[in-house]
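Here is what each chain is made of, one letter per residue.
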Amino acid sequence: MSARLIGRLKAAHERISKQIELESSVLQPDEARLSKLKKTKLSLKDRMARISASLSA
């Protein structure tokens, strides 16, 4: 279960990374959207780290 969850979280993390790249590449990026995407990406990364830590403990 946890391995599948981590896989889904990694996929979501990659999708958000691509959205950040796309938004950053436009002439006038939406800073509020970028901020929200970056916070979401960080949240996913933190969640993956917590799950990984609990698996190895």
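See the structure above.
Residues numbered from 1 in each chain as written. Predicted model: local features only at pLDDT ≥ 70, side-chain atom pairs only at ≥ 80, totals over all residues. Heavy atoms only, no water.

K.L.:
Please set out the overall build of the chain residue by residue, giving values where relevant.
P.N.:
A count of helices and strands for the chain gives 2 helices and 0 strands. Whereas a compact globule of 57 residues would reach a radius of gyration of roughly 10 Å, the chain reaches 14 Å, over 25% beyond that. Each principal axis of the C-alpha atoms in the chain carries an extent, and together these give about 45 × 15 × 10 Å. In the chain, which comprises 57 residues, the share counted as buried stands at 25%. (Helix = DSSP H or I, 4+ residues; strand = E, 2+ residues; numbered from the N terminus. Rg over C-alpha atoms; globule rule 2.2 N^0.38 Å. Buried < 20%, exposed > 50% of the residue type's maximum accessible area, 1.4 Å probe, protein only.)

K.L.:
Talk me through helix α1 (residues 2-25); I want residue IDs and the actual numbers.
P.N.:
Taking 1.5 Å of rise per residue, 24 residues should cover 34 Å, and α1 covers 34 Å from first to last C-alpha, within 8% of that figure. Within α1, the full set of buried residues consists of Leu-5, Ile-6, Leu-9, Ala-12, His-13, Ile-16, Ser-17, Ile-20 and Glu-23. In this fold, the buried residues of α1 make contact with α2 (31-56). (Expected span 1.5 Å × (residues − 1). Contact = heavy atoms within 4.5 Å.)

K.L.:
With reference to specific residues and values, describe the nonpolar core.
P.N.:
The biggest cluster of nonpolar side chains holds 11 residues, and these are Leu-5, Ile-6, Leu-9, Ala-12, Ile-16, Ile-20, Leu-34, Leu-37, Leu-44, Met-48 and Ile-51. Mapped onto this core, the elements with two or more residues apiece are α1 and α2. Of all the elements, α1 adds the most residues to this core, at 6 residues. Among residues more than four places away in sequence, those in contact with Leu-5 are Arg-47 and Ile-51. (Core = buried A, V, L, I, M, F, W, Y, C linked by side-chain atoms within 4.5 Å.)

K.L.:
Got a sec to walk through α2? Specific residues and values, please.
P.N.:
Helix length check: α2, at 26 residues, gives a terminal C-alpha distance of 37 Å against a target of 38 Å (1.5 Å per residue), a fit within 8%. Among the residues of α2, those classed as buried are Leu-34, Leu-37, Leu-44, Met-48 and Ile-51. Against α1 lie the buried residues of α2. Backbone nitrogen of Ala-32 and a side-chain oxygen of the N-cap are separated by 3.1 Å at the start of α2; the cap is Asp-30. (Polar contact = N/O pair within 3.5 Å; in protein donor to acceptor, adjacent residues only side chain to side chain.)

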